[in-house]
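A closer look at the structure
Take a look at the letters that make up each chain.
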Amino acid sequence: MKPVLNIGCGGPTSKRAFYGDIRVDIREFPNVTAVMDAHKLAFRDNSFRKIVAYEVLEHLESPIEALREMKRVLSDGGILEITIPNVWYWRLLLACWLGTLRPKNLDTDHKQIWDIYTFQLLAKQVGLDCYEIKWLDWYGFPKSRKYGRIEPIVRMFLPRHLRHTHVLFRLKKL
């Protein structure tokens, strides 16, 4: 059986960081088994039955190039799982509406941002088909003095695309 590749798994260690037979990142970390750039994966074509990139693409200089590389090393019939932050998350929209979201408050390590539609278009450009979208609370409920108490109540009335902090895409080759 072909192995599982975890791209961008370095940084804080969690169960997700140790998932996969081969775990790559741009820098050395305790859980990383190979140091390499996601834009130039040093593997043969069709090497992996599954590739995961959790919270990675938004940090890359060229996500389209990284997606091309992931597609290249993904075996036919293989699964590619990618998560990205949800730009429609209610707290982000509220901060924009109130004018309190400022560049100095943003995570400057995020170089790109997509909603679910533009991400699917990006994937399609490299020959990947999104067959499943799942809304996630990747880090649980964010703690906030402002909204901590009303968070559960607000979430009851919002559509799911506004309730969740992250989005998971399951993709396959076209």
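One structure accompanies this document, and this report is about it. (Residues numbered from 1 in each chain as written. Predicted model: local features only at pLDDT ≥ 70, side-chain atom pairs only at ≥ 80, totals over all residues. Heavy atoms only, no water.)

1. Some words on the overall build of the protein
Keep this limit in mind: A run of H or I in DSSP becomes a helix once it reaches four residues, and a run of E becomes a strand once it reaches two; helices and strands are each numbered from the N terminus. Working definition of accessibility: Shrake-Rupley area with a 1.4 Å probe, residue cover restricted to the visible protein chains.
In terms of helices and strands, the protein carries five helices and seven strands. Going from the N terminus to the C terminus, the protein shows its helices and strands as β-β-β-β-α-β-α-α-β-α-α-β. When the accessible surface of the protein is totalled, it reaches about 10100 Å², and 56% of it is carbon and sulfur.

2. Overview of the side chain of aspartate 115
This is how the line gets drawn: Only protein chains enter the accessibility calculation, which uses a 1.4 Å probe; a residue is then buried when its area is under 20% of its type maximum, exposed when over 50%, and partly exposed in between. In this tally, Asp and Glu contribute negative charge and Lys and Arg positive charge; neither His nor the terminal groups of the chain are included. Whenever a carboxyl oxygen of Asp or Glu lies within 4 Å of a side-chain nitrogen of Lys or Arg, that contact is scored as a salt bridge. N or O atoms within 3.5 Å of each other form a polar contact, as long as, within protein, one can give a hydrogen and the other can take it, and as long as residues adjacent in sequence are counted only when both atoms are side-chain atoms. Contacts: residue pairs with any heavy atoms within 4.5 Å of one another.
Examined against the element boundaries, aspartate 115 turns out to sit in the loop between α2 (90-98) and α3 (116-125). Despite its burial, aspartate 115 pairs with no opposite charge; the closest candidate is lysine 124, at 14 Å N-O. One polar contact links the side chain of aspartate 115 to the main-chain amide nitrogen of tyrosine 117, over a distance of 3.0 Å. In this structure the side chain of aspartate 115 is engaged in a polar contact, spanning 2.8 Å, whose partner is the backbone nitrogen of threonine 118. Not counting residues up to four positions away in its chain, the partners in contact with aspartate 115 are Val87 and Trp88.

3. Some remarks on the environment of valine 167
Within the fold, valine 167 resides in strand β7 (residues 166-173). Along the sequence, valine 167 and aspartate 137 sit 30 residues apart, while their C-alpha atoms lie 8.4 Å from each other. Not counting chain neighbours up to four residues away, the residues in contact with valine 167 comprise Ile82, Thr83, Ile84, Asn86, Ile116, Ile133, Lys134 and Trp135.

4. Describing the packing of aromatic side chains
Where we set the bar: Pairing of aromatic side chains requires ring centres within 6.5 Å, counting the rings of Phe and Tyr and the six-membered ring of Trp. Pairs whose planes differ by under 30 degrees are stacked, by over 60 edge-to-face, and all others tilted.
In this structure the tally under the stated criterion is six aromatic pairs. Each member of the aromatic cluster is reached from another via a ring pair, and the members are Trp88, Tyr117 and Trp135.

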